[in-house]
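Fold and contact review
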Amino acid sequence: MMVFTYVGYFAAGLAVQVLVAKILKLCWIVLWRPYALTKSFEKQGIKGPSYSILHGTLPEMKTLLKAANGVILDTNCHDIAQRVQPHYNRWSAEYGEVFLFWRGVQPAIRIADPKLAKQILSDKSGAYAQPQFDHRLLSFAGNGVGQLNGPDWVRHRSILTPAFTKDKLKLMTKRMAACTIDMIDDWKNRARIADHQHITIEMSEEFKKLTCDVITHTAFGSNYVEGGEVFKAQDELIHHCVATMADLYIPGSRFLPTPSNRQMWKMENNVNNSLRRLIQGRLESAQARGNLDGCYGDDVLGLLVEASKTTNKSLKLTMDEIIDECKQFFFSGHETTAKLLTWTVFLLSLHQEWQERLREEVLTECGMGIPDADMVSKLKLVNYTIIFFF
Ligand code: HEM
């Protein structure tokens, strides 16, 4: 009886200690850390919008985003930041090019000074490690090479680098040209069907389709049709998650079966299972061909699948890591390039004299033929313009 009483006291004491520790940790995360960090950055001259308990600076961000949704910019206006990132616009006007803000209880520093950004991005000391990413971002972008640090980053990077050798990129240029020609043929076809009446082509959508097509071919090679379906599902997941990114995230709430979480789980499972099937298919077809060298294919998926079979630990990937890299590849290369192309043609439509100059250069270097990698490397003005617009 006595023993049970002692055990009971001990258990109760332990439970109280755990509870107190949890409460202290919560106070540290929600109250003390934001206060201490704000003060510490203020001393270094870095200020920012006020932190509100648990929500950080999300409420102000949401209000500004909502107001910006109604703003219609003049067609000639280049100042798109006020429309798409009004919170950064407002805060940098108020606090300068470097400021502190809060995604809930997570602190973040925004840097709009190009010199400082370059210094950080090219730093090799490891002082600027990738942060711990939001689970919503990881679910759609994958915990791939862009999110990893240290030895994991080195392992993933060593496996992926051979996919982007000069020769491989040359082959990809051919595929890119073929996809672009398909897109232009489709425009011509639509114009023909409209019997030379006025037709409207939404360029941002066209470029999204084009970059999706290019990435699907480079990532999945002969499996590009199935790959395209996966990426469509991933695009849906991206849109669902991005729409909730400005919402307050309460730690642990991602495990609750709320309607939004359930929808996200369903979409994520759909993407993961489809990718798993694709990977399995590659493994099986390689087995059927006797597992000869290079039998997994020379596309990105082939390299990743090959890395799952190696006995070299420093070049090995698990099934989940391959899935993450496939998602990462699509996420990193799809919208980025589509937006750059859209922005470029938009600016060229405003500056038609530049359109003429670029057209002249393309005709001089490529004639009426299909541009290949060597011709593209000679398009100095075109490359310069794209980098300048970017
Ligand atoms: C206009 C187009 C693009 C822009 C502006 C862009 C921008 C960037 C930036 C700024 C980073 C560094 C991020 C960081 O260190 O935190 C990055 C990394 C990365 N990008 Fe892109 N990117 C573009 C196109 C692409 C394409 C087409 C692909 C692949 C198909 C791609 C794949 C990646 C990958 C895998 C990383 C991570 C690299 C690593 O950590 O080793 N990106 N990109």
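Residues numbered from 1 in each chain as written. Predicted model: local features only at pLDDT ≥ 70, side-chain atom pairs only at ≥ 80, totals over all residues. Heavy atoms only, no water.

A look at the overall build of the protein
Along the protein, the regular secondary structure elements total 17 helices and two strands. C-alpha extents for the protein along the principal axes are approximately 95 × 60 × 45 Å. Relative to its 390 residues, the protein shows a buried fraction of 31%. Split by element, the accessible area of the protein, about 24800 Å² in all, is 61% carbon and sulfur. Measuring between centres, the 45 positive side-chain charges of the protein sit 7 Å from its 42 negative side-chain charges. (Helix = DSSP H or I, 4+ residues; strand = E, 2+ residues; numbered from the N terminus. Buried < 20%, exposed > 50% of the residue type's maximum accessible area, 1.4 Å probe, protein only. Areas by Shrake-Rupley, 256 points an atom, 1.4 Å probe, with all protein chains shown as cover. Lys, Arg positive; Asp, Glu negative; His and termini not counted. Charge placed at Lys NZ, Arg CZ, Asp CG, Glu CD.)

Some thoughts on the site of the ligand
Around the ligand, the structure places 13 residues, and the nearest of them are Trp153, Arg157, Ser332, Gly333 and Phe390. In this structure, an oxygen atom belonging to the ligand sits 3.4 Å away from a side-chain N or O atom of Gln130. Within the side chain of Trp153, a nitrogen or oxygen atom sits 3.0 Å from an oxygen atom of the ligand. Secondary-structure elements contributing two or more residues to the shell around the ligand are helix H7 (150–160), helix H13 (319–333) and helix H14 (335–350). Residues of the shell around the ligand, tallied by class, amount to six nonpolar, six polar and one charged. (Near = heavy atom within 4 Å. Polar contact = N/O pair within 3.5 Å; in protein donor to acceptor, adjacent residues only side chain to side chain. Nonpolar A, V, L, I, M, F, W, Y, C, P; charged D, E, K, R; others polar.)

Some remarks on the domain arrangement of the protein
Looking at the protein, the domain boundaries give domain 1 (29–118), domain 2 (159–334) and domain 3 (351–390). Once you take the C-alpha centre of each, domain 2 and domain 3 turn out to be 28 Å apart. Each partner contributes residues to the interface: domain 2 has four residues there, and domain 3 has six residues. For the pair domain 2 and domain 3, the two sides together bury roughly 330 Å², of which 79% comes from carbon and sulfur. For the pair domain 2 and domain 3, the interface holds one salt bridge. Note that Lys170 is salt-bridged to Asp374, the shortest N-O span being 3.6 Å. Taken together, the connections running from domain 2 to domain 3 amount to zero residue pairs in polar contact (both at pLDDT 80 or more). Of the residues belonging to the side of domain 2 that touches domain 3, the class tally is two nonpolar, one polar and one charged. (Domains from an automatic or database assignment. Contact = heavy atoms within 4.5 Å. Buried area = accessible area lost by both parts, 1.4 Å probe. Salt bridge = Lys/Arg side-chain N within 4 Å of Asp/Glu carboxyl O.)

Remarks on the nonpolar core
Core analysis: the largest hydrophobic core is formed by 39 residues, its most contacted members being Phe220 and Leu304. Broken down by secondary-structure element, the contributors of at least two residues to this core are helix H6 (135–141), H7, helix H9 (203–220), helix H10 (224–244), helix H11 (259–288), helix H12 (300–309) and H13. Ranked by residues supplied to this core, first place goes to H11 with eight residues. When neighbours within four sequence positions are excluded, Leu304 is seen to be in contact with Ile159, Leu160, Leu317, Ile322, Glu325 and Cys326. The next biggest cluster of nonpolar side chains, apart from the first, holds eight residues, and it includes Trp91, Phe101, Ala108 and Ala246. (Core = buried A, V, L, I, M, F, W, Y, C linked by side-chain atoms within 4.5 Å.)

Here's the deal with H9
Relative to the 26 Å expected for 18 residues at 1.5 Å per residue, H9 spans 25 Å between its end C-alpha atoms, a close match to the ideal helical length. Of all 18 residues that make up H9, 13 are buried, and the element is covered over most of its length. Count one or two residues on from H9 and you reach Gly221, which has phi positive near 50 degrees. (Expected span 1.5 Å × (residues − 1).)

Observations regarding a nonpolar patch on the surface
On the surface, Trp28, Leu31, Trp32, Tyr35, Ile53 and Leu54 cluster together to form a nonpolar patch covering roughly 640 Å² of accessible area. Along the chain, Tyr35 falls in helix H1 (residues 2–43). (Patch = residues over 30% accessible without salt bridge, like charges linked within 9 Å, V, L, I, M, F, W, Y side chains within 5 Å.)

Some details on the pattern of salt bridges
Two side chains with opposite charge may pair up if their charged atoms get near one another. Enumeration over the complete set of coordinates arrives at 14 salt bridges. Notably, a salt bridge pairs Asp299 with Arg282, separated by 2.6 Å at the nearest N-O pair. Of the two residues, Asp299 is situated in the loop between H11 and H12 and Arg282 in helix H11; the sequence distance between them amounts to 17 residues. Through salt bridges that share partners, Asp186, Arg190, Glu206 and Lys209 make up one connected network.

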